[in-house]
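Close look at the chain arrangement
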Amino acid sequence: MKFAYRFSGLLGTVYRRGNLSFTRDGSALISPVGNRISLFDLKNNKCETFPLATRLNIVCVGLSPDGSLAILIDEEGAALLVSLIGKCVIHHFYFHKPVHSVSFSPDGKKFVITKDNVALMYHAPGRKREFNAFVLDKTYYGPYDETTCIDWTDDSKCFAVGSKDMSTWVFGAERWANLIYYSLGGHKDIIVACFFEENSLDLYTISQDAALCVWQCDTELDGLKPMPPKDAAREKDAEKNDEEFPEEPKGEEIHGKANPNEQETRDKVKYSRVAKYFFNKEGDFNNLTSAAYHKKTHLLVTGFASGIFHLHELPEFNLIHSLSISDQRIASISINCTGDWIAFGCSGLGQLLVWEWQSESYVLKQQGHFNSMVSLAYSPDGQYIVTGGEDGKVKVWNTSSSFCFVTFTEHTSGVTAVTFTSNGYVILSASLDGTVRAFDLHRYRNFRTFTSPRPSQFSCLAVDSSGEIVSAGSQDSFEIFIWSMQSGRLLDVLSGHEGPISSLSFNPMKCVLASASWDKTVKLWDMLDSWRTKETLILNSDVLVVAFRPDGKELAVAALNGQITFWDHENAVQTGSIEGRHDLQMGRKELDKITAKQAAKGKSFTTLCYSADGQSILAGGLSKFVCIYNVKEQILMKKFEISCNFSLDAMEEYLDRRKMTEFGSMALIDEGAGGEDGVAIPLPGVKRGDMSYRHFKPEIRVTCLRFSPTGRSWAATTTEGLLIYSLDSGLIFDPFELDINVTPSNIRKTLHQKEYTMAIIMAFKLNEKKLIQEVIEAVPSNEVDVVCSSLPDLYVEKVLEFLASAFEMSSHLEFYLIWAHKLLMLHGQKLKTRSVKLLPVIQFLQKSIQRHFEDVSKLCEWNIYNIKYALAISQQRGMKRLAEETSVDEDDLDSDSDYLMRDVHKDNLSS
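Below, the structure is looked at part by part. (Residues numbered from 1 in each chain as written. Predicted model: local features only at pLDDT ≥ 70, side-chain atom pairs only at ≥ 80, totals over all residues. Heavy atoms only, no water.)

**Considerations on the sheet that holds strand β57 (residues 702-707)**
So the rule is basically this: At least two DSSP bridges between two strands are required for those strands to pair. Here a strand is any run of E in DSSP of at least two residues, a helix any run of H or I of at least four, and the numbering for each starts at the N terminus. In this analysis, axes come from line fits to C-alpha atoms, helices being fitted only over the stretch in contact, and the angle between any two N-to-C directions falls in the range 0 to 180 degrees.
Across the sheet, which stays open at both edges, the four strands sit in the order β1-β59-β58-β57 with antiparallel pairing between neighbours. On the outer flanks of this sheet lie β1 (5-11) and β57, each paired with one strand and no other. Each adjacent strand pair in this sheet contributes to an overall mean axis angle of 20°, direction not counted. Direction of pairing for β1 relative to strand β59 (residues 721-727): antiparallel, over a ladder of six bridges. When the bridges of β59 are listed, Tyr5 appears paired with Leu727.

Right, dumping it as structure tokens:
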């Protein structure tokens with residue numbers, strides 16, 4: 001199944017909004033990225049995005065204490081219950097209103113969510129199957145304004161809820177005789193966080209104006225008395241008669257009063273304020289935006305709107321650290337179970353940091369592109385992806401770990417195009433700042449800067465297959481500039497186009513450059529014939545993108561009228577066309593006056609890319625769909641919906657009638673910044689937010705598509721980030737030349753008779769991966785040579801492809817290397833004749849072997865060092881400990897360990 005590509009990863013977006021959460025063991029971090037969640041494995045240095053998505057952006061995440069379940073809640077209050085082990089959705093639930101926070105009890109039996117001015121306690125989903133996973137237990141009323149935060153006591157008996165009305169409420173999870181509810185004041189601003197002390201009812205409350213109140217309780221947790229059954233029944237009856245809340249309660253309701261009378265407070269738990277501390281120095285108005293507290297180490301971490309964070313030790317309020325991580329507000333803070341690592345999320349910059357506070361070093365420091373990504377390119381071996389963004393940054397990502405490992409910031413304006421050279425160690429980027437820059441991946445530096453005689457904005461870029469000739473197209477002077485990579489000199493300026501240059505592409509096999517322009521032409525320039533125009537292909541509409549097939553024999557052109565045309569460029573003959581405008585399926589933006597169907601008439605594909613084998617073509621544009629077409633048949637093979645996030649604009653084909661009024665769309669009403677972030681400086685007299693701030697929804701679009709050279713995956717830069725789609729071969733039955741005698745039992749019987757070649761051929765006919773692995777691993781290593789020589793040519797390619805995928809998972813490294821070596825030695829000449837077709841498979845194999853080589857070589861170097869060290873120690877131990885015998889035989893030892901051991905020996909003697 002060639003088009004069984006599935007979502008496999010989201011790169012370039014590490015944090016959007018919502019709360020960060022460490023897993024139970026404290027070695028991994030869960031971060032909400034738009035409407036998905038990513039798991040950052042900090043010990044193994046890997047990132048994984050779960051293949052599930054909510055309808056809108058996620059605002060809060062609650063993890064169960066055992067680490068197996070998570071509750072994800074989006075902007076409108078729709079919740080998903082997710083298994084973190086199976087990475088699948090178990091249950092859907094709708095809370096009907098936006099939810100501010102969610103928290104599981106430490107014993108894992110209950111969880112509380114806060115919405116409006118209410119706290120709702122639910123029975124936590126159990127391990128057994130249930131018809132309804134979310135069963136409401138109790139509803140807690142008390143605060144007048146919206147609730148903001150939750151914290152539980154260690155034994156799950158009580159929880160505290162903070163509110164925007166500047167009060168904090170302590171509620172009993174059960175009806176305790178001496179604690180049903182308790183209201184705490186003492187603040188002058190919104191409560192940001194509240195925390196219980198370890199194994200105690202003592203409480204810390206923190207408000208937005210950077211004030212901390214310390215509350216002491218006169219009762220211990222063990223002093224909470226269960227309510228006698230009679231009193232509980234009487235209270236329930238009284239509540240049923242209470243007409244103040246006429247709506248039907250689904251669970252038990254608890255109504256708190258801010259000023260209870262004396263009779264109600266008699267023999268009840270009492271709180272007293274012991275201390276009040278202020279974070280800001282005098283005259284400094286810095287809003288506190290987030291906080292986290294580690295109960296075992298008494299460590300309080302607070303984040304501020306200016307990007308500063310403080311570490312304090314409680315209850316003495318001793319300052320440990322005060323550091324600035326950015327100039328944007330810190331939206332979320334989380335501390336891991338050991339208290340060593342602190343995670344910070346900055347939603348303004350899309351930044352995620354994990355800080356080890358004792359050593360004062362970063363465990364993780366990742367940031368996506370500030371604005372949208374514009375272009376991407378795969379390295380020749382498929383291991384790395386380079387992306388360019390409107391923020392002027394060029395970032396390089398590792399496809400196996402999903403982390404960015406280097407960022408180049410030399411450009412002063414938006415990057416429009418990026419590409420790798422054929423050797424894979426040089427990255428080129430073109431920018432609107434009028435430069436094309438070359439970056440070295442060995443030393444991570446900008447070693448060449450190409451400029452034009454007159455300043456011009458570069459809109460596209462191409463490099464020839466040798467990596468020697470660099471070309472860039474200008475969008476204001478309508479010229480193409482050619483430079484030499486070696487010298488950095490401008491070789492030629494090609495003029496002839498009468499409109500901005502929209503795309504450039506070098507033929508992979510010949511020295512021919514294709515340039516597309518808005519003047520409705522594609523020109524082919526011959527490099528060997530002193531850059532003369534070889535051909536001019538005339539189209540009916542402005543040309544937006546041009547791409548050569550990997551074998552260089554065909555040219556694909558996408559124009560403004562929505563057509564993709566295919567050309568035999570040698571003879572300047574059009575060989576086919578695809579009418580693709582209707583396949584794009586545009587969405588209607590909230591403020592559009594015309595329907596999506598009408599708007600689609602003016603839309604077209606803005607990015608094209610051939611698959612690694614050249615048989616199909618990927619196309620995308622200003623829409624949520626990516627289309628794969630078969631080039632030969634000129635038909636649509638499959639459409640991928642890259643996003644289901646309705647927080648983005650232009651997602652729906654039809655607008656919601658409920659949002660339409662007689663005066664126009666409700667989207668025209670701008671709500672301003674809101675009061676949450678605390679950064680917007682209000683205009684004089686304005687109470688909420690900044691009236692000059694405009695809220696906007698980003699529009700869904702695909703800016704660039706590229707196929708991996710291995711043919712196993714493709715990537716797209718979109719509004720959401722860099723999406724990777726890979727072949728998921730585990731679930732597909734795709735036999736090859738299957739006949740009636742090919743069954744698993746027959747294959748095993750053939751294998752038992754030691755007819756290895758026949759068994760391999762039969763296994764590939766059935767095409768079951770586990771069976772193929774069983775057959776290949778059953779072949780004795782001394783017979784691999786014989787089996788390889790007797791394999792038919794058709795199956796050599798299939799065995800190589802299997803070996804490439806097996807290298808990623810298997811531990812039998814040497815065995816598979818013997819297979820790969822023998823196959824390539826025996827069939828190398830025949831494979832060379834079909835090199836173009838086999839290139840993706842060979843590159844996939846090379847990528848797998850290269851990764852193992854890097855891992856094993858590091859391990860070997862470390863082991864060699866350790867063995868030398870152990871030898872040095874053993875030789876020292878064997879010598880007599882006399883003062884005159886302090887020297888060691890220098891011939892046997894490495895010089896470094898020699899000096900080291902001499903010092904150790906001297907220390908031993910002196911002691």
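**Re a nonpolar patch on the surface**
Rules: Patch criteria: residues need more than 30% relative accessible area and no salt bridge. Like-charged residues are merged within 9 Å; nonpolar side chains of Val, Leu, Ile, Met, Phe, Trp and Tyr are merged within 5 Å. Per-residue and other accessible areas follow the Shrake-Rupley method at a 1.4 Å probe size, with only the shown protein chains counted as cover for residues. Salt-bridge detection follows one rule: a side-chain nitrogen of Lys or Arg within 4 Å of a carboxyl oxygen of Asp or Glu. Think of it in three bands: with a 1.4 Å probe and only protein chains considered, a residue is buried below 20% of the maximum accessible area for its type, exposed above 50%, and partly exposed in between.
Residues Trp862, Tyr865 and Tyr869 make up a contiguous nonpolar surface patch of about 350 Å² in total accessible area. Tracing the chain through its elements places Tyr869 in helix α11 (residues 835-878). The class of Tyr869 is partly exposed, set by a relative accessible area of 33%.

**Structural notes on the side chain of Gln843**
Formally: Pairs of N or O atoms within 3.5 Å make up the polar contacts considered here, provided that, within protein, one atom can donate a hydrogen while the other can accept it, and that residues adjacent in sequence are counted only when both atoms are side-chain atoms. Contacts were defined at the residue level, with two residues in contact if any of their heavy atoms lie within 4.5 Å.
Along the polypeptide, Gln843 turns up in helix α11. A residue is classified by how much of its surface remains accessible, and Gln843, at 16% relative accessible area, is buried. At 3.1 Å, the side chain of Gln843 forms a polar contact with the backbone oxygen of Pro380. When neighbours within four sequence positions are excluded, Gln843 is seen to be in contact with Pro380, Asp381, Pro709 and Thr710.

**Let's talk about helix α6 (residues 756-766)**
A large share of α6 lies buried, amounting to ten of its eleven residues. The secondary structure elements touched by the buried residues of α6 are α5 (744-752), α7 (769-778), α8 (784-790), α9 (793-809) and α10 (813-833). Within two residues after α6, Asn767 carries a phi angle of roughly 60°, on the positive side.

**Description of the pairing of strand β45 (residues 521-526)**
Across the six residues of β45, six count as buried, placing the element largely inside the fold. Where burial is concerned, the two faces of β45 agree: the one with Thr521, Lys523 and Trp525 and the one with Val522, Leu524 and Asp526 are both buried. Connecting the antiparallel pair strand β44 (residues 512-517) and β45 is a turn made up of three residues, with Lys520 showing a positive phi of about 70°. In this antiparallel pair of consecutive strands, β45 and strand β46 (residues 532-538), the connection spans five residues, and Ser530 shows a positive phi of 45°.

**Some details on the nonpolar core**
As a reminder of what qualifies: Put simply, a nonpolar core is a bunch of buried Ala, Val, Leu, Ile, Met, Phe, Trp, Tyr and Cys residues held in one set by side-chain atoms that sit within 4.5 Å of each other.
By size, the foremost hydrophobic cluster in this structure holds 39 residues, and its most contacted members are Ile760, Ile776, Val799, Trp819 and Leu823. It is α9 that provides the largest number of residues to this core, a total of nine residues. Of all hydrophobic cores here, the second largest spans 22 residues; its members include Phe7, Ile628, Met651 and Phe707.

**What to know about the sheet that holds strand β31 (residues 373-378)**
Sheet architecture is open: four strands sit in the order β31-β32-β33-β34, paired in antiparallel fashion. Of all the strands in the sheet, just β31 and β34 (404-408) have a single pairing partner and so form its edges. The average angle at which neighbouring strand axes cross in this sheet is 20°, direction not considered. When β31 meets strand β32 (residues 384-389), the two strands line up antiparallel, connected through five bridges. Of the residues in β32, the one forming a bridge with Leu376 is Thr387.

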